[in-house]
Amino acid sequence: MAKRATKSAAKPIAMKPIYVLNGPNLNLLGQREPEIYGRATLADVEKSLAARAKALGSAVLCLQSNNEGDLVTWIQEARTMARGVIINAGAYSHTSIAIHDALAMLDIPVVEVHISNIYKRESFRHHSHISSVATGLICGLGVKGYELALEAILADISK
Ligand code: CA2
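Reference entry: report on the structure contained in this document. None of the values given here were measured: they were computed from a predicted structure.

A few points about the site of the ligand
Here is step 1: Among the 15 residues in the neighbourhood of the ligand, the closest are listed as Asn 88, His 94, His 114, Ile 115 and Ser 116.
Here is step 2: Ser 116 is positioned with one of its side-chain polar atoms (N or O) 2.6 Å from an oxygen atom of the ligand.
Here is step 3: Take Arg 125: an N or O atom from its side chain is 2.8 Å from an oxygen atom of the ligand.
Here is step 4: When the ligand is considered free in solution it has 500 Å² of accessible area, and contact with the protein chains removes 94% of it.
Here is step 5: Per-class residue counts for the shell around the ligand are six nonpolar, six polar and three charged.

What follows is the structure in structure tokens.
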């Protein structure tokens, strides 16, 4: 006969967050080129992502750096500390083999986000070193892309 627990000793286990990594110049979001990137600031985006994650029973850890090495370090950290990664590596998407290599070591879902449609822009933005090691790619949908990426990761890990 199945044994029934007499005590409900279940304690909430701190859930690993989804890492949201933003690369160079994205700290200036909302301050320049609004026709391309919109008017929301990075703080706005991070705040609404945190609220959306909470509503979906999850959490995000949002980090931004203008330095390639910081992004590599956070991706390495995500191997054990995160349930998924949303990454907009900015211009490093088009140049960084180090970020590609770090992402290739992850066994968790990775969604690459670009606010603008990189394929409608200069040809040097048409190739991303990240796409080949990402689970999926969202681009050209503005800052809404971050929220869509969050939903995609949560759907993926609940499969
Ligand atoms: O569309 C995107 O999200 C990009 O990743 C943004 C990068 C760009 O280098 C990529 O090709 C596409 C960063 C662009 C510069 O960042 C700014 C942010 C706010 C305001 C002005 C520039």
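Looking at the sheet that holds strand S5 (residues 136–139)
Here is step 1: If you walk across this open sheet you meet the five strands as S2-S1-S3-S4-S5, and the pairing is parallel. On the outer flanks of this sheet lie strand S2 (60–64) and S5, each paired with one strand and no other. Ignoring which end each strand starts from, the neighbouring axes of this sheet average 15 degrees apart.
Here is step 2: Of the pairings in the sheet, the one linking strand S3 (residues 84–88) to strand S4 (residues 110–114) comprises three bridges and is parallel in character. Opposite Ile 86, over in S4, you have Val 111 as the bridge partner.
Here is step 3: Running over the sheet, helix H2 (residues 42–55) touches strand S1 (18–22) and S2 and is turned about 165 degrees from S2.

A word on the side chain of Ser 65
Here is step 1: As for its position among the elements, Ser 65 is in the loop between S2 and helix H3 (68–81).
Here is step 2: Within the local environment of Ser 65, its side chain forms a polar contact with the side chain of Asp 70, the two groups lying 2.6 Å apart.
Here is step 3: Here Ser 65 is in contact with Asn 22, Gly 23, Pro 24, Asp 70, Leu 71 and Trp 74, once residues within four sequence places are set aside.

With respect to the nonpolar core
Here is step 1: Counting residues in hydrophobic clusters, the biggest one holds 21 residues, and the most contacted among them are Leu 21, Ile 75, Val 85, Ile 87, Ile 99, Leu 103 and Leu 106.
Here is step 2: Breaking this core down by element, the ones donating at least two residues are S1, H3, S3 and helix H4 (97–104).
Here is step 3: Ignoring any residue separated from it by four or fewer positions in sequence, one finds Leu 21 in contact with Leu 63, Leu 71, Trp 74, Ile 75, Val 85, Ile 86, Ile 87 and Asn 88.

Cut-offs applied
Residues numbered from 1 in each chain as written. Predicted model: local features only at pLDDT ≥ 70, side-chain atom pairs only at ≥ 80, totals over all residues. Heavy atoms only, no water. Near = heavy atom within 4 Å. Polar contact = N/O pair within 3.5 Å; in protein donor to acceptor, adjacent residues only side chain to side chain. Areas by Shrake-Rupley, 256 points an atom, 1.4 Å probe, with all protein chains shown as cover. Nonpolar A, V, L, I, M, F, W, Y, C, P; charged D, E, K, R; others polar. Pairing = 2+ DSSP bridges. Helix = DSSP H or I, 4+ residues; strand = E, 2+ residues; numbered from the N terminus. Axes fitted to C-alpha atoms, helices over the stretch in contact; angles between N-to-C directions. Contact = heavy atoms within 4.5 Å. Core = buried A, V, L, I, M, F, W, Y, C linked by side-chain atoms within 4.5 Å. Buried < 20%, exposed > 50% of the residue type's maximum accessible area, 1.4 Å probe, protein only.

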